[in-house]
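Descriptive analysis of the structure
Each chain, letter by letter, is given below.
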Amino acid sequence: FLQDSAFIFKTNNVYLVNSDGPDNFGQGSQWPPPRQLSVGGTPFRNSAVSTPEGVMFVSNAGAKLINYAGGMSPIGDADPELFKGKIVAAVNFASKDQVRWYKSNGDAVVFDYREGRFSTWTGLECRAAFVANERAYLVRLGGYLWREAYGTEEVWQDDTTPIEMVIRTAWNQM
């Protein structure tokens, strides 16, 4: 949902329903026929996430944004190859201005919507993800829950054991 609009994501199309619909007793206005926004939906049912700009999702052609007016546009200049594989979860980490798409192979595609930049993280295999109390949580295989720390504890933890990470960055050019 985005404001008073519901979006229906199918594999090959995205539809918009703009109505309150009937109340709990079936009274009031009925749902109008869905309006098709585009050809090219999403094969990943877990890829849609609400952001301050609208709803972001992953299509076969890469990341897309549906804005508040119902217009659709590509997000950034990311190569669609970044999104190959199955998306298992998507979260909007609002305090960090990030949308994170977690993939079944352990990669995460991260979009910083303030800067308009994509990055890829590895080693984050999960079945689900969510953000609560300014922390990202990953539901892992075997019943484990990883928690991303913040502030001075900038580490990921598995139970109480810190997870070591290696960060590789691109060369910066001035």
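Residues numbered from 1 in each chain as written. Predicted model: local features only at pLDDT ≥ 70, side-chain atom pairs only at ≥ 80, totals over all residues. Heavy atoms only, no water.

Taken together, the side chains of Phe130, Val139 and Leu145 present a nonpolar region at the surface, about 230 Å² in accessible area. Mapped onto the fold, phenylalanine 130 is located in strand β12 (residues 128–132). Residue classification places phenylalanine 130 among the partly exposed residues on the basis of a relative accessible area of 37%. (Patch = residues over 30% accessible without salt bridge, like charges linked within 9 Å, V, L, I, M, F, W, Y side chains within 5 Å. Areas by Shrake-Rupley, 256 points an atom, 1.4 Å probe, with all protein chains shown as cover. Salt bridge = Lys/Arg side-chain N within 4 Å of Asp/Glu carboxyl O. Helix = DSSP H or I, 4+ residues; strand = E, 2+ residues; numbered from the N terminus. Buried < 20%, exposed > 50% of the residue type's maximum accessible area, 1.4 Å probe, protein only.)

Burial of nonpolar side chains together is a common tendency in soluble globular proteins. Within the largest apolar cluster, 16 residues are counted, with the highest numbers of intra-cluster contacts made by Met56, Ile75, Phe83, Trp101, Phe111 and Phe118. Contributing elements (two or more residues each) for this core: β5 (54–59), β6 (62–67), β8 (87–93), β9 (98–103) and β10 (108–112). Leave out the neighbours within four places in its chain, and methionine 56 touches Ser47, Ala48, Val49, Thr51, Lys64, Leu65, Ile75, Val99, Trp101, Phe111 and Tyr113. Membership of the second largest hydrophobic core comes to 12 residues, among which are Val88, Ala89, Ala108 and Ala136. (Core = buried A, V, L, I, M, F, W, Y, C linked by side-chain atoms within 4.5 Å. Contact = heavy atoms within 4.5 Å.)

Quick look at the sheet that holds strand β4 (residues 49–51) now. Taken in spatial order, the 4 strands line up as β4-β5-β6-β7 in an open sheet, and their pairing is antiparallel. At either margin of the open sheet sits one strand with a lone partner, and together these are β4 and β7 (72–74). With strand direction ignored, the average angle separating the axes of adjacent strands in the sheet is 30 degrees. The sheet contact formed by β5 and β6 spans 6 bridges and is antiparallel. (Pairing = 2+ DSSP bridges. Axes fitted to C-alpha atoms, helices over the stretch in contact; angles between N-to-C directions.)

Moving on to the environment of serine 47. Take serine 47: it is sitting in the loop between β3 (35–39) and β4. What makes serine 47 buried here is its relative accessible area of 0%. Taking the C-alpha atoms as reference points, serine 47 and arginine 100, 53 residues apart in sequence, are found 9.3 Å from one another. When residues no more than four places from it in sequence are discounted, the contact partners of serine 47 are Thr42, Met56, Phe57, Val58, Ile87, Ala90 and Trp101.

This next bit is on the confidence of the model for the chain. Confidence in the prediction of the chain, expressed as mean pLDDT, is 79, and 77% of residues score 70 or more. Here strand β15 (residues 156–158) stands out as the element of the chain with the lowest mean pLDDT, 64, in contrast to β9, whose mean of 94 is the highest. (pLDDT = per-residue confidence, 0-100.)

The backbone phi angle of aspartate 97 is positive, close to 55 degrees, even though this residue is not glycine. Mapped onto the elements, aspartate 97 comes out in the loop between β8 and β9. Here asparagine 133, not a glycine, exhibits a phi torsion of approximately 50 degrees, which is positive. Following the sequence through the fold, asparagine 133 ends up in the loop between β12 and β13 (135–139).

Another aspect to go through is the sheet that holds strand β11 (residues 117–121). On the basis of which strands lie adjacent, the open sheet formed by 4 strands has the order β8-β9-β10-β11 and antiparallel pairing. The strands lining the two open edges of the sheet, one partner per strand, are β8 and β11. Between one strand axis and the next, the sheet turns through 15 degrees on average, direction left out of account. Across 5 bridges, β9 lies against β10 in antiparallel orientation. Considered in β10, the bridge of glutamine 98 is made with aspartate 112.

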